[in-house]
Amino acid sequence: MNKKTEGINQEITTKSFLQEIIETNITRRLIPKSMSWFGCMGGLSLVAFMIQVITGVFLMFHYIPSAKDAVPSIQNISHNVPYGWFIQRIHAVGPHIMIGMVISHMLRILFKGIYRRPRELHWVSGSCLLILTLFMYYTGSLLSVSNSDGRSAIPISYLYAIHVAGIPMAMGLFMGLHFFMIRNTGISEPL
Ligand code: HEM
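Quick caveat, the model's predicted, so the values are computed rather than measured. Each chain carries its own residue numbering, running from 1 in the written order of its sequence. Where totals are concerned, whole chains, interfaces and linings use all residues; where local detail is concerned, this predicted model gives features only for residues with pLDDT of at least 70, and gives and counts side-chain atom pairs only at 80 or more. Values reported for side chains reflect all heavy atoms of the structure, with hydrogen atoms and water molecules removed beforehand.

J.: Please give an account of the overall build of the protein that cites residues and values.
T.: Strands are runs of DSSP state E lasting at least two residues, helices are runs of H or I lasting at least four, and both sets are numbered from the N terminus onward. Broken down by element type, the protein carries 6 helices and 0 strands. For the protein, the succession of helices and strands along the chain, N to C, is α-α-α-α-α-α. Scored against the burial criterion, the 191 residues of the protein give a buried share of 29%. Nonlocal contacts in the protein, meaning residues at least 24 apart in sequence, comprise 68% of its contacts between residues at least 6 apart. Residue burial considers only the protein chains on display, and all accessible areas are found by Shrake-Rupley using a 1.4 Å probe. For the protein, the accessible area works out to roughly 13200 Å², and carbon and sulfur atoms hold 70% of it. We call a residue buried when its accessible area falls under 20% of the maximum for its residue type, exposed when it is over 50%, and partly exposed in between, using a 1.4 Å probe and counting protein chains only. Contacts: residue pairs with any heavy atoms within 4.5 Å of one another.

J.: Tell me about the coordination of the iron atom of the ligand, and name the residues and values.
T.: Coordinating donors are taken to be N, O and S atoms lying within 2.8 Å of the metal, or within 3.2 Å when the metal is Na, K or Ca; because water is excluded from the atom set, some sites may appear incomplete. Within the protein, the iron atom of the ligand binds to H105 (NE2) and H178 (NE2); these donor distances fall in the range 2.1 Å. Tetrahedral means four donors with every angle between 85 and 135 degrees, whereas square planar (four donors) and octahedral (six donors) require angles over 155 degrees between opposite donors and between 65 and 115 for all others; sites fitting neither are termed irregular. What the 6 donor atoms of the iron atom of the ligand show is an angle range of 86 to 179° at the metal, which sorts the shape as octahedral. A residue pair is termed long-range when its members are at least 10 positions apart, and H105 in helix α4 (residues 84-112) and H178 in helix α6 (residues 156-185) qualify at 73 residues. Judged by relative accessible area, H105 falls into the partly exposed class, the value being 21%. Here H178 falls in the buried class, since its relative accessible area comes to 9%.

J.: Can you explain the side chain of R119? Please cite residues and give values.
T.: Looking at the secondary structure, you find R119 in the loop between α4 and α5 (120-145). Charge convention: Lys and Arg are scored as positive, Asp and Glu as negative, and His as well as the terminal groups of each chain are ignored. What counts as a salt bridge is simple: a side-chain nitrogen of Lys or Arg found within 4 Å of a carboxyl oxygen of Asp or Glu. Despite its burial, R119 pairs with no opposite charge, the nearest such side chain being E120 at 8.6 Å. Reaching out from R119, the side chain makes a polar contact with the backbone oxygen of G186 at a distance of 2.9 Å. Polar contacts here mean pairs of N or O atoms no more than 3.5 Å apart (in protein, one a potential hydrogen donor and the other a potential acceptor; neighbouring residues in sequence count only if both atoms are side-chain atoms).

J.: For the site of the ligand, give the residues involved together with the corresponding values.
T.: Taken together, 25 residues lie around the ligand, and H105, R119, G126, H178 and S188 are the ones closest in. Separating a nitrogen atom of the ligand from a side-chain N or O atom of H105 is a distance of 2.8 Å. The class makeup of the residues in the shell around the ligand is 13 nonpolar, 10 polar and 2 charged. A single heavy atom is enough: if one lies within 4 Å of a molecule or strand, its residue is considered near that molecule or strand. As a working rule, the residues Ala, Val, Leu, Ile, Met, Phe, Trp, Tyr, Cys and Pro are called nonpolar, Asp, Glu, Lys and Arg charged, and the rest polar, with Gly in that last group.

J.: Describe a nonpolar patch on the surface, with residues and values.
T.: Patches draw on residues past 30% relative accessible area with no salt bridge. Two like charges within 9 Å are joined, as are two nonpolar side chains (Val, Leu, Ile, Met, Phe, Trp, Tyr) within 5 Å. A grouping of L46, M50, V53, I54, V57, F58, M60, F61, V164 and F179 is seen on the molecular surface, where their side chains present a nonpolar patch of about 890 Å² in accessible area. Going through the elements one at a time, α2 (41-60) and α6 are the ones with two or more residues in the nonpolar patch. In terms of residues, the nonpolar patch owes the most to one element, α2, which gives 7 residues. Relative to the assigned elements, F58 resides in helix α2.

J.: Give a description of the nonpolar core that names residues and reports values.
T.: One finds F49, M98, I167, M171 and M175 to be the most contacted residues of the largest nonpolar core, which totals 13 residues. Counting residues per element, the ones that place at least two in this core are α2, α4, α5 and α6. Counting residues per element, this core draws most heavily on α5, at 4 residues. Residues L59, Y63, L142 and L159 belong to the second largest nonpolar core, which totals 11 residues. Here, nonpolar core means buried Ala, Val, Leu, Ile, Met, Phe, Trp, Tyr and Cys residues that are tied together by side-chain atoms lying within 4.5 Å of each other.

Next comes the structure, spelled out in structure tokens:
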């Protein structure tokens, strides 16, 4: 076999390997008819969290965490930075939708009794995730109105550090636990 044919064969094998992964994990997996919107809320909460992280990283390039400059920097993002208004709106509206999704996810588990053995720790780690999501919302809302109006005694630089690093790292840790345990037990109504 010459070098050219060898290269083509290698390309075909890589392509079919990737194709196999995509087909077995995505395209050949059909959503069961019995699947309800409530059943998707855990996954959608994760998507909402990822959107908040991505838009938040964009905002970090322009936001200034000081009592004097916080509000003007948000105005700068909304009026002068290309697509800044769009990213800022998504980051500000997203948490309302995410909180709704996390609470719907929790209510489904509560009413179906899925929190019982062997899923007690899924419930505990999930409750910590709900509390952390609410803290994220609270610290974020204080960053946007600036502390100069006396709404919070905590300096804006502290709130900023908690909002962009402290709480997201804790959420990452609890999500890791949540997903590790879900992998161990499997979900109650497998897809
Ligand atoms: C940021 C918040 C959260 C995220 C991203 C998240 C994500 C997920 C995902 C992707 C699943 C697997 C699919 C599913 O059953 O929906 C799941 C399952 C589960 N979650 Fe959450 N969750 C969160 C919050 C919560 C809360 C607040 C609770 C309850 C207090 C909770 C309790 C559970 C339980 C018990 C399961 C297992 C369900 C089953 O076996 O069918 N989670 N979660």
